[in-house]
Amino acid sequence: MRTCVLRVGTNMCSMPRLLFACVAGASALHVMDEPSTTTVVQDERRVLLLGCSLDRNALMEFCDGHGEQTDYPVESAWCINEDLHLKMGYIYHPGVGANGDLHKPTALAKGPSTGAILKTYANATSFYMLNGNPHLVVVDSSLWDLLVWRLGTLGDRHGMSASEAKVPPPKKVTQERVQQWCSHDLPGLLQRVSEIFPTSRIAFRTAPTIDHTPTHEKFEKRDIALLYKCISSSTTNGMLFGKYEVIDYHAIMAKLIKRKVPNLYRIDGYHPSEYPSRLYVNEILRRVGMNPQDPPEPTLEDESTARKARFEKAGQGDANDLEDLTDLM
């Protein structure tokens, strides 16, 4: 039986809301790495997910809702599985930016830019959550990038929501922009992550396709397919750009769709549901030397129950489904 708890170590601040206050201290402890104050369990695995709400949801599904979350100064989530000697953390970032320079896509994303998160917060926040260096950092940069390319930065609206700023009709994502992302923007992001976490293995997570084009038109299947094609063409012997491992969430979802497995998405049509999320996490665990068992495949009976639950959530509003992108509804 899975045991997921939040355990506060000697180098961690006692409450999530104090994360900002303890960033400097955690960073110093990380650099010094004093054996007398840092307790590391033998054979412990530490994994950091550096991505978007798809990664947060997967982590929280794995943790059975027993993880810890905070959004100040950066959105993060984490949990500890004591049975597996596993610590897993998540940090949100808003992608490569409109021009691939890791600057904040103004008025579209909350919080700091990806560049600022990596420079100022990522190392200390990761150490706060994992109480040690991550063995593996899994990076995503896809849905937020597509969103910015389709809607633009909207300029500086001084804190206005996208609805208040009158979001323009979405633009077509061009193959030229995807090529820049694949040849310049993404290599730059992954190189920066490797500099921030020099002792960690770095992996890139592909984006699973969506169920349908939502009425708000954030994403299109075609655009996600373009990203995946570029990633596939830049991967040799399983290594993206010859340097980075690939966690192929896109392929996981494609196989499930081909087998017509029911209930693969949440109500919004682009957040994967619990089953594919668990398969994604299991693939990560295999990359750190573990041998997890995949959960039972959902049945049509399960789908009937899940449909009822989704209907109830739709009536109540499920904040987790849309948390990263609420301003664009």
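The model shown is predicted, which means the values in this text are computed figures rather than measured ones. Within any chain, residue numbers begin from 1 and follow the written order of that chain's sequence. Given that the model is predicted, a residue must reach a pLDDT of at least 70 before its local features are reported, and side-chain atom pairs must reach 80 or more before they are shown or counted; all residues, however, enter totals for whole chains, interfaces and linings. Calculated side-chain values reflect all of the structure's heavy atoms, with hydrogen atoms and water omitted.

Participant: With reference to specific residues and values, describe the overall build of the protein.
Facilitator: Only DSSP runs of H or I reaching four residues or more are called helices, and only runs of E reaching two or more are called strands; each is numbered from the N terminus. A count of helices and strands for the protein gives 10 helices and 10 strands. Each residue is placed in one exposure class: buried if its accessible area under a 1.4 Å probe, protein chains only, is under 20% of its type's maximum, exposed if it is over 50%, and partly exposed if it falls in between. Per-residue burial over the protein gives 52% buried out of 329 residues. Once local pairs closer than 6 in sequence are excluded, the contacts in the protein between residues at least 24 apart make up 74%. When the accessible surface of the protein is totalled, it reaches about 15000 Å², and 53% of it is carbon and sulfur. Contacts were defined at the residue level, with two residues in contact if any of their heavy atoms lie within 4.5 Å. Surface accessibility follows the Shrake-Rupley procedure with a 1.4 Å probe radius. Residue values consider only the protein chains on display as shielding.

Participant: Give a detailed account of the state of the cysteines, specifying residues and quantitative values.
Facilitator: When two cysteine sulfur atoms lie within 2.5 Å, the pair is treated as a disulfide. If you walk through the whole model with that rule in mind, you get two disulfides. The disulfide that involves Cys-63 links it to Cys-79, with 1.9 Å between the sulfurs. The sign of the -65 degrees torsion about the S-S bond sets the Cys-63-Cys-79 disulfide as left-handed. Here Cys-79 lies in strand 4 (residues 76-81) and Cys-63 lies in the loop between helix 2 (53-62) and strand 3 (68-70), a separation of 16 residues in the sequence. Two residues share a disulfide in this structure: Cys-182 and Cys-230, whose sulfurs sit 2.5 Å from each other. Measuring the twist about the S-S bond at about -125 degrees, one finds the Cys-182-Cys-230 disulfide to be left-handed.

Participant: Give me the side chain of Thr-206: which residues, what numbers.
Facilitator: You can see Thr-206 is positioned in the loop between strand 7 (201-205) and helix 6 (221-233). The class of Thr-206 is buried, set by a relative accessible area of 3%. N or O atoms within 3.5 Å of each other form a polar contact, as long as, within protein, one can give a hydrogen and the other can take it, and as long as residues adjacent in sequence are counted only when both atoms are side-chain atoms. Polar side-chain contacts of Thr-206 include one of 2.9 Å to the backbone nitrogen of His-250. If we ignore the near neighbours within four places in the chain, the residues touching Thr-206 are Tyr-228, Ile-231, Val-246, Ile-247, Asp-248, Tyr-249 and His-250.

Participant: Provide a residue-level description of unusual backbone geometry, including the pertinent values.
Facilitator: Here the amide bond leading from Tyr-72 into Pro-73 is cis, since omega sits at 0 degrees, within 30 degrees of zero. As for its placement among the helices and strands, Pro-73 is situated in the loop between strand 3 and strand 4. At Lys-260, a residue that is not glycine, the phi angle is positive and equals roughly 60 degrees. Position of Lys-260 among the secondary structure elements: in the loop between helix 7 (249-258) and helix 8 (274-287).

Participant: Which residues make up the pairing of strand 2 (residues 45-51), and what values go with them?
Facilitator: With six of seven residues buried, strand 2 is to be regarded as a mostly interior element. Inspection of the sheet shows strand 2 paired to strand 5 (residues 86-92) by seven bridges, in the parallel sense. From the neighbouring strand, Val-47 faces strand 5, where its bridge partner is Met-88. Between any two strands, at least two bridges found by DSSP are needed for them to pair. Direction of pairing for strand 2 relative to strand 6 (residues 136-139): parallel, over a ladder of four bridges. Looking at strand 6, one finds that Leu-50 is bridged to Val-139.

Participant: Give a detailed account of the packing of helix 2 against helix 8, specifying residues and quantitative values.
Facilitator: Under this scheme, a helix contributes an axis fitted over its contacting stretch, all axes are lines through C-alpha atoms, and angles between N-to-C directions fall in the 0 to 180 degree range. Contact geometry of helix 2 with helix 8 gives a least axis separation of 9 Å together with a crossing angle of 90 degrees. Judged on the interaxial angle alone, helix 8 and helix 2 are roughly perpendicular. For the pair helix 2 and helix 8, contact is made by Asp-55, Ala-58, Glu-61 and Phe-62 and by Glu-274, Ser-277, Arg-278, Tyr-280, Val-281 and Leu-285, respectively. Put simply, Ala, Val, Leu, Ile, Met, Phe, Trp, Tyr, Cys and Pro go in the nonpolar bin, Asp, Glu, Lys and Arg in the charged bin, and everything else, Gly too, in the polar bin. When its residues are assigned to classes, the contact of helix 2 with helix 8 shows five nonpolar, one polar and four charged. Here the angle decides the label: under 35 degrees means roughly parallel, over 145 means roughly antiparallel, 65 to 115 means roughly perpendicular, and every other value means oblique.

Participant: So what about the packing of helix 3 (residues 114-130) against helix 5 (residues 175-196)? Which residues, and what values?
Facilitator: At a minimum axis separation of 10 Å, helix 3 and helix 5 run at an interaxial angle of 15 degrees. Of the possible angle classes, the one that applies to helix 3 and helix 5 is roughly parallel. Helix-helix and strand crossings are classified by hand; for helix 3 and helix 5 the assignment is right-handed. Along the contact surface, helix 3 presents Thr-114, Leu-118, Lys-119, Ala-122 and Asn-123, while helix 5 presents Leu-189, Arg-192, Val-193 and Ile-196. For any helix crossing, the convention is left-handed if the near helix is rotated counterclockwise from the far helix by under a right angle, and right-handed if that rotation is clockwise.

Participant: Could you give an account of the pattern of salt bridges, naming the residues involved and the relevant values?
Facilitator: Any Lys or Arg side-chain nitrogen located within 4 Å of an Asp or Glu carboxyl oxygen qualifies as a salt bridge. Counted according to the given criterion, the structure contains 20 salt bridges. As a salt-bridge pair, Arg-205 and Asp-140 come within 3.0 Å of each other at their nearest N and O atoms. Of the two residues, Arg-205 is situated in strand 7 and Asp-140 in the loop between strand 6 and helix 4 (143-151); the sequence distance between them amounts to 65 residues. Asp-140 gets classed as buried once you look at its relative accessible area, which sits at 3%. Arg-222 serves as the salt-bridge partner of Asp-223, at 2.6 Å between the closest nitrogen and oxygen. Since its relative accessible area comes to 30%, Arg-222 is described here as partly exposed. A single salt-bridge network, built from bridges that share partners, covers Arg-201, Glu-245, Glu-283, Arg-286, Arg-287 and Asp-294.

Participant: Go over the nonpolar core with me, naming the residues and quoting the values.
Facilitator: In terms of nonpolar packing, the biggest core is built from 83 residues, with Leu-49, Trp-181 and Val-193 touching the most fellow members. Per-element accounting of this core gives the leading share, eight residues, to helix 5. The residues contacting Val-193, other than those within four sequence positions of it, are Leu-50, Leu-118, Val-137, Val-139 and Ile-202. Buried Ala, Val, Leu, Ile, Met, Phe, Trp, Tyr and Cys residues form a nonpolar core when they are joined through side-chain atoms within 4.5 Å.

Participant: Describe helix 7, naming the residues involved and giving the relevant values.
Facilitator: Turning to helix 7, its buried residues are Tyr-249, His-250, Ile-252, Met-253 and Leu-256. Buried residues of helix 7, seen end-on, are gathered within an arc of 160 degrees and therefore sit on one face of the element. Residues of helix 7 that are exposed and angled more than 90 degrees away from the buried face: Lys-255 and Lys-258. Looking at the buried side of helix 7, the elements it contacts are strand 7, helix 6, strand 10 (244-247) and helix 8. With its phi angle positive at about 60 degrees, Lys-260 sits one or two positions after the end of helix 7. The arc in question is the one spanned by the directions pointing from the helix axis to the C-beta atoms.

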